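# Coordinate analysis (summary)
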Amino acid sequence: MKYFICLFTIITIYSCKETIPFKTSTRGLVAKNAMVVTARVEASKIGSDILKQGGNAFDAMVATELALAVAYPYAGNLGGGGFMVYRKANGDIGALDYREKAPLAATKNMYLDSLGNIIPEKSTLGAMAVGVPGTVAGVFEVHRKLGSLPIETILQPVIDLAKNGVIVTHKQEIRIKKYQPLFKRANKDSIILDKPWKQNDTIKYPELAQTLERIMIGGRDEFYKDDTAKTLAKFIQDNGGIITEEDLALYEAKWRKPITFNYDDLKVISIAPPSSGGVCLAQIMKMIEPFNLREYGHNSLKTMQVITEAERRTYADRSHYLGDPDFVNIPIDSLIDESYLNNRMSNFSFKKATLSNDVSYGNIEVMESDETTHYSIVDQFGNAVAVTTTINGAYGSKLYCQELGFFLNNEMDDFSSKPGEPNMFGLIGAEANSIAPQKRMLSAMTPTIVEKNGELYMVVGTPGGSTIITSVLQTILNVHEFGMTMQEAVNAPRFHHQWLPDEIRLEKNGFNEPLKSQLESLGYSINENRSPILGKVDAILVLNDKTYEAGADYRGDDTAVGF
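What counts and how
Residues numbered from 1 in each chain as written. Predicted model: local features only at pLDDT ≥ 70, side-chain atom pairs only at ≥ 80, totals over all residues. Heavy atoms only, no water. Helix = DSSP H or I, 4+ residues; strand = E, 2+ residues; numbered from the N terminus. Rg over C-alpha atoms; globule rule 2.2 N^0.38 Å. Lys, Arg positive; Asp, Glu negative; His and termini not counted. Charge placed at Lys NZ, Arg CZ, Asp CG, Glu CD. Phe/Tyr/Trp six-rings, centres within 6.5 Å; stacked < 30°, edge-to-face > 60°. Buried < 20%, exposed > 50% of the residue type's maximum accessible area, 1.4 Å probe, protein only. Salt bridge = Lys/Arg side-chain N within 4 Å of Asp/Glu carboxyl O. Pairing = 2+ DSSP bridges. UniProt positions renumbered as here; feature names shortened; annotations may be inferred. Contact = heavy atoms within 4.5 Å. Core = buried A, V, L, I, M, F, W, Y, C linked by side-chain atoms within 4.5 Å.

## What to know about the overall build of the chain
Summing up its helical and strand segments, the chain has 18 helices and 21 strands in all. Taking 2.2 N^0.38 as the reference for a compact globule, 563 residues should give roughly 24 Å; the C-alpha atoms of the chain span a radius of gyration of 22 Å, in line with that estimate. The dimensions of the chain, computed from C-alpha atoms along their principal axes, are 65 × 60 × 50 Å. Placing the 58 positive and 68 negative side-chain charges of the chain at their respective mean positions leaves the two points 3 Å apart.

## Regarding the packing of aromatic side chains
What the rule picks out here adds up to 18 aromatic pairs. Ring plane angle 90 degrees and centroid distance 6.2 Å describe the contact between Tyr86 and Trp255, whose orientation is recorded as edge-to-face. Of this pair, Tyr86 sits in strand β3 (residues 81-87) while Trp255 sits in strand β7 (residues 254-256), placing them 169 residues apart in sequence. Accessibility expressed as a relative area gives 25% for Trp255, which makes it partly exposed.

## Comments concerning the pattern of salt bridges
Evaluation of the coordinates by the stated rule reveals 34 salt bridges. The salt bridge involving Asp97 is made with Arg256; its shortest N-O contact spans 2.9 Å. Separated by 159 residues along the polypeptide, Asp97 in strand β4 (residues 93-98) and Arg256 in strand β7 bring together distant segments of the chain. The exposure class of Asp97 is buried, given its relative accessible area of 0%. By sharing partners, the salt bridges in this structure join Asp97, Lys254, Arg256, Asp324, Asp326 and Arg440 into a single network.

## Notes on the pairing of strand β10 (residues 373-378)
Across the 6 residues of β10, 6 count as buried, placing the element largely inside the fold. Here β10 shows no split at all, with Thr373, Tyr375 and Ile377 on one side and His374, Ser376 and Val378 on the other all buried. With 3 bridges joining them, strand β2 (residues 35-38) and β10 adopt antiparallel strand pairing. Within the sheet, the bridge partner assigned to Val37 lies in β10 and is Ser376. Pairing geometry for β10 and strand β11 (residues 384-390), over 6 bridges, is antiparallel. Opposite Ile377, over in β11, you have Val385 as the bridge partner. From the end of β10 to the start of β11, which pair antiparallel, there are 5 residues, and Gly382 there has a positive phi angle of about 100 degrees.

## Details of the UniProt feature "active site" (unreviewed entry) in the chain
According to UniProt, the "active site" (unreviewed entry) feature falls on Thr372. Within the element layout of this structure, Thr372 appears in the loop between α15 (338-344) and β10. The class of Thr372 is buried, set by a relative accessible area of 1%. Leave out the neighbours within four places in its chain, and Thr372 touches Ala75, Thr388, Thr389, Thr390, Asn392, Met445, Pro463 and Ile468.

## Quick notes on the UniProt feature "binding site: L-glutamate" (unreviewed entry) in the chain
In this structure's numbering, the residues bearing the UniProt feature "binding site: L-glutamate" (unreviewed entry) are Arg99, Thr390, Ile391, Asn392, Asp414 and Gly465. With respect to the helices and strands, Ile391 occurs in the loop between β11 and β12 (400-401). Its relative accessible area of 0% is what places Ile391 among the buried residues. Apart from residues lying up to four places away in sequence, Ile391 is in contact with Pro73, Tyr74, Ala75, Gly76, Asn77, Gly79, Gly80, Gly396, Phe407, Asn409, Asn410 and Glu411. Owing to a relative accessible area of 0%, Asp414 belongs among the buried residues under this scheme.

## A word on the sheet that holds strand β17 (residues 504-506)
The 3 strands lie next to each other as β16-β17-β18, forming an open sheet whose pairing is mixed. A single partner strand is all that each edge strand has here, and the edge strands are β16 (495-496) and β18 (526-527). Across 2 bridges, the pairing between β16 and β17 is antiparallel. Residue Phe495 lies in a different strand from β17, and its bridge partner there is Leu506.

## A word on the nonpolar core
Met61, Leu78, Met84, Leu193 and Tyr205 are the most contacted members of the largest nonpolar core, which totals 85 residues. It is helix α3 (residues 57-71) that contributes the most residues to this core, 12 residues altogether. When near neighbours in sequence (up to four residues on either side) are disregarded, Leu193 contacts Ile176, Gln180, Phe183, Ile203, Tyr205, Tyr395 and Phe407. One finds Val268, Val472, Leu541 and Leu543 within the second-largest nonpolar core, a separate group that totals 66 residues.

Right, here's the structure in full:
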């Protein structure tokens, strides 16, 4: 009898963990002074160690970003770019755009054939998919303006990690095996990840260590103007790409004014274009604010209807209006105006779904990868940093520069190769996001910081392509509206709607059959296969006693380290 009771208990526990992990009352790692949450324990530890040495959140950002390039080449990078939002202990806020750019030789129709059709894989696989990388410029710009420790102190642990190697996790083993056929197609020669790596193996990156050593000595110019730049440009061109030494020399990261808005008693601080994250998050949250989600309940029929319909309308606007603000005029104030957004929801009814065919962009006068990565940091001084960085698809373009030791992005796919046609994530683009030399491609990245009563409250973000915005949204709502801990908010099953295709994407095993039947009876199409995982959120919540709770997503190898 005891045996059967034990067996039943074990089965029950594992069953619950697989389908509804948020139901168990769970609190993530709690730390008194500081917290770093990333996709890999090695990166979290390096960031935390920098803080222990007296560095601030910005020093830790530099170390963490580059450590992810070593420990998590799936999305961490030297060959990509990203966005950072910060809030200093004194309340000052800011944002840095180190998104990739189109090369000087890029043209609007570079991915179309003579008949005007998109050439398969040209914007996703190999050297023609690569945008000018921004990561190295981004971290050095952060260090220049906000850092406190010497760059040698920050980079040496990362160099040591590359030399000593990274232990392969079970999930990493699966990822590497899945993408090895594409590595062979994109590269002329074999690369380090072609080997049959298994869990608990150690992968060392000596070439990447040497590249990082040169960057430590020569600074950002080593990557953009000196020997590394020359090697990189030649490699890309030898593989059929168009990025030149001039493209690298011209690259600059750019400080942006964050998107800020209020929701109930919260102040939300998020990223501005060329990321659509902040504007879209503001639109959705302002559209749902008049509805009593707390009364409707978490992931209830009514809550899902309200959020879905707000998302539908927001993504329609995204496709039409948003792009690089250095190239197109974006009516941001109008897009997040309450009267405009109330009008957008005026034809919403609980009685039936709105059809996306009936929803165009709003009447106002005047895209992204599943394989991104996000990290959140709060330091012992009260500074907070939210950073999302990417090479777009898994391992980017799959093109690996063996001599320098890193993958290159395929961000050019985030432009509208052909306005009105979907990119690799199903996002429809328009003229605002068409290709032009030196232009930054539209993104869905949504690094976000939340204040409550004028004080730091949450740091949040996620990978997930088009689902990034909606995953960040639901994580914030899970804490604010539904009283979850940070870890419960991260664990909770998520759903997503992006206007087109006209479907609600549900995380598998997270939603019961009666609820799905109710949604379908109201005219909503359900898809549980398109996005089996919706984001991998890494977040930090400030608790009432001023300690920090981490939410590290169980969907990946994500880990929090604090002290």
